[in-house]
Amino acid sequence: MTHKILFILLDGASDGLNYPRTALEIAKMENLSKIAKISKAGLVYTIGKGISPESDAAALSFLGYNPLEINVARGFLEALGAGIEISEGDLALRCNFATAVGDEIIDRRVGRSLSDSEARELVKEIKSKVNIGYDYELIHTIGHRCVLVIKKKDKKLGSNISNLDPAYIRKGSVVHATAIIDKRIKLCEAFDEESRISAELVNKFFIESRKVLENSKINLERKKKGLLPANILLLRDAGSSMPNIQKFKDKYNLSAAAIAEMPVEVGVAKVIGIESYKMEYIKNPENYKAKVNLILNLLNSYEFIYVHIKGPDEPAHDGDLEIKVKTLEEIDTYFFGQLINNLELDKLIIFISCDHSTPVYLKAHSDDPVPFIFYKPGIKPDGIFKFSEKECLKGSFGILDHAYEILNKILLAN
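These notes cover the structure that comes with them. Remember, predicted model here, so these are calculated numbers, not experimental data. (Residues numbered from 1 in each chain as written. Predicted model: local features only at pLDDT ≥ 70, side-chain atom pairs only at ≥ 80, totals over all residues. Heavy atoms only, no water.)

A short note on the pairing of strand β1 (residues 4-10)
Then, number 1: Counting buried residues along β1, six of its seven residues qualify, which places the element largely inside the surrounding structure.
Then, number 2: Where β1 and strand β13 (residues 348-353) come together, six bridges link them in parallel fashion. If you follow I8 over to β13, its bridge partner there is I352.
Then, number 3: Alignment of β1 against strand β12 (residues 304-309), held across six bridges, turns out to be parallel. Considered in β12, the bridge of I5 is made with F304. (Buried < 20%, exposed > 50% of the residue type's maximum accessible area, 1.4 Å probe, protein only. Helix = DSSP H or I, 4+ residues; strand = E, 2+ residues; numbered from the N terminus. Pairing = 2+ DSSP bridges.)

A word on helix α5 (residues 116-129)
Then, number 1: In this model α5 runs 20 Å from its N-terminal to its C-terminal C-alpha over 14 residues, within 8% of the 20 Å that 1.5 Å per residue would give.
Then, number 2: Residues of α5 that are buried: E118, A119, L122, V123, E125 and I126. Relative to the axis of α5, the buried residues are bounded by an arc of 160° and lie together on one face. Residues of α5 that are exposed and angled more than 90 degrees away from the buried face: K124 and S128. (Expected span 1.5 Å × (residues − 1). Arc of directions from axis to C-beta.)

Things to note about the state of the cysteines
Then, number 1: A full pass over the atoms with the stated rule returns zero disulfides.
Then, number 2: This cysteine, C146, is not joined by any disulfide, and C95 carries the nearest cysteine sulfur, 4.3 Å off. (Disulfide = S-S within 2.5 Å.)

A short note on the nonpolar core
Then, number 1: Among the nonpolar cores identified, the biggest contains 93 residues, and F248 and F335 are the most heavily contacted of them.
Then, number 2: With seven residues, helix α12 (residues 321-340) is the largest single contributor of residues to this core.
Then, number 3: In this view, F335 contacts I8, Y288, K291, V292, I295, V307, I309 and E330; residues no more than four positions away in its chain are not counted.
Then, number 4: Residues I150, L157, F206 and L233 belong to the second largest nonpolar core, which totals 40 residues. (Core = buried A, V, L, I, M, F, W, Y, C linked by side-chain atoms within 4.5 Å. Contact = heavy atoms within 4.5 Å.)

Considerations on the side chain of N66
Then, number 1: Looking at the element boundaries, N66 is found in the loop between α3 (55-62) and α4 (74-81).
Then, number 2: Polar contacts involving the side chain of N66 include one to the main-chain amide nitrogen of L68, which spans 2.9 Å. (Polar contact = N/O pair within 3.5 Å; in protein donor to acceptor, adjacent residues only side chain to side chain.)

Let's talk about the sheet that holds strand β2 (residues 40-44)
Then, number 1: Spatially, β11-β10-β12-β1-β13-β14-β2-β15 is the arrangement adopted by the eight strands of the open sheet, whose pairing is mixed. Edge positions in the sheet fall to β11 (275-278) and β15 (399-400), since each of these pairs with one other strand and no more.
Then, number 2: Judged from the four bridges that link them, β13 and strand β14 (residues 370-375) form a sheet pairing that is antiparallel. Across the sheet, residue I350 finds its bridge partner in β14, namely Y375.
Then, number 3: Contacting β1, β10 (256-260), β11 and β12, helix α10 (residues 285-298) runs over the sheet at an angle of about 165° to β12. (Axes fitted to C-alpha atoms, helices over the stretch in contact; angles between N-to-C directions.)

Considerations on the pairing of β14
Then, number 1: For β14, the tally of buried residues reaches six of six residues, placing the bulk of the element in the interior.
Then, number 2: Here five bridges tie β2 to β14, and the two strands are oriented antiparallel to one another. Residue pairing for β14: A41 is matched across the bridge by I373.

Structural notes on the packing of aromatic side chains
When we look at a pair of aromatic rings, we describe it by the centre distance and by the angle of the planes.
Then, number 1: Throughout the structure, instances matching the rule amount to 14 aromatic pairs.
Then, number 2: Ring centres 4.6 Å apart and planes at 20° place the aromatic pair Y19 and Y361 in the stacked group. You can see Y19 sitting in the loop between β1 and α1 (23-26) and its partner Y361 sitting in the loop between β13 and β14, a full 342 residues away along the chain.
Then, number 3: For Y19, a relative accessible area of 18% puts it in the buried group.
Then, number 4: With relative accessibility at 41%, the residue Y361 sits in the partly exposed group.
Then, number 5: By the ring-pair criterion, three or more aromatic residues cluster together here, those being F7, F62, F248, Y252, F304, Y306, F351, F372, F374 and F397. (Phe/Tyr/Trp six-rings, centres within 6.5 Å; stacked < 30°, edge-to-face > 60°.)

Quick word on the packing of α5 against helix α7 (residues 217-224)
Then, number 1: Following both chains from N to C, one finds α5 and α7 inclined at 140°, their axes separated by 9 Å at the closest point. Here α7 runs oblique to α5, going by the angle between their axes. Counted together, E118, E121 and L122 of α5 and I218, N219 and R222 of α7 form the full contact between these two elements.
Then, number 2: Residues of the contact of α5 with α7, tallied by class, amount to two nonpolar, one polar and three charged. (Parallel < 35°, antiparallel > 145°, perpendicular 65-115°, else oblique. Nonpolar A, V, L, I, M, F, W, Y, C, P; charged D, E, K, R; others polar.)

Side note on the pattern of salt bridges
Then, number 1: Counted under the stated rule, the structure contains 31 salt bridges.
Then, number 2: Between D165 and R108 there is a salt bridge, with the nearest N and O atoms lying 2.8 Å from each other. Note that D165 is positioned in the loop between β6 (145-150) and β7 (168-171) and R108 in the loop between β4 (104-107) and α5, a separation of 57 residues in sequence. Across the pair, R108 and D165 agree in class, each one buried.
Then, number 3: Shared partners join several salt bridges into a network, and the residues in it are E54, D56, R74, E78, R94, R108, D165, R236 and D237. (Salt bridge = Lys/Arg side-chain N within 4 Å of Asp/Glu carboxyl O.)

What follows is the structure in structure tokens.
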């Protein structure tokens, strides 16, 4: 391997091909365009047509693992990434603080207004007051997000249960995002006998924690301020088994590192056996510059650097095109601007894409193919002028069926 690989995914940056103007088309991204102009390009379905993936499955697919063939649950990855000690048979779930009135979910993320300190206090209160008959660990991670791990007793807790979060639906081994959300609260259901106790425990935790949250001083204060209360926890993507998948080094014979902002990204790195370098999730110029400096340092020690940039996905979920465009422009100025001025392009392969599409018009992930650009020294460029859906469609790769074939077909092909 003569060239090192820089592999960058922009979380939810794409809006797909079906809308008149996308954030990537509107955003002024002169620095990323410089890379696009010397690259080949195309579009690719993250997992496959008809699948709207979560970020964990999307990242694993881009890293060469077919999510339809491996059983990796988001909850288990979140727990690993959050540093929770978890054993085979423990039940792990991703959780969102959310807002409900009666049996209706009003906001799945408390309007993104819940501070880390408020969330930590709410978690502390739940742990002190909620007893479900099993030991459990509840840890706040970032913003409205937290992780629940229910410890098994005499036997494994099955994970074949439905989600309490209506935005994500389990279909076999893959969870699908949906833009059509039933806002009514539906309790967890077990899909097999092994998982019956798990469903009962999840429902008990949901009901008992809601009682605590409804009466929490923090939520009473939030209501006085005109803020949404964080009065329920939506639980999803249960997992109770450590995934048995081939390590990245054994699969590709590449030393690899990941730069991660979110716990799930750390979890992805752990299950495929690559080093993870955690950075705080802060959207400001200094953070982007620090990320570039870390990339430049890691290129001295590793052959493959995976970078996941969270920023664009959040405003896309909020349906805010203006903020999504602004976020992309900040990434271009402060991340790509510094990056391209410090890379030795004659020694490097660069691949840039989006883990999935999050159209602002849907406020949810979609199954649309995402744009990608591929640079390698000596490559004949496709002549595109911008990193966007319609421009990359003009590229020589056309539309590829599966992101999990990218590494072997493109980056590692002779």
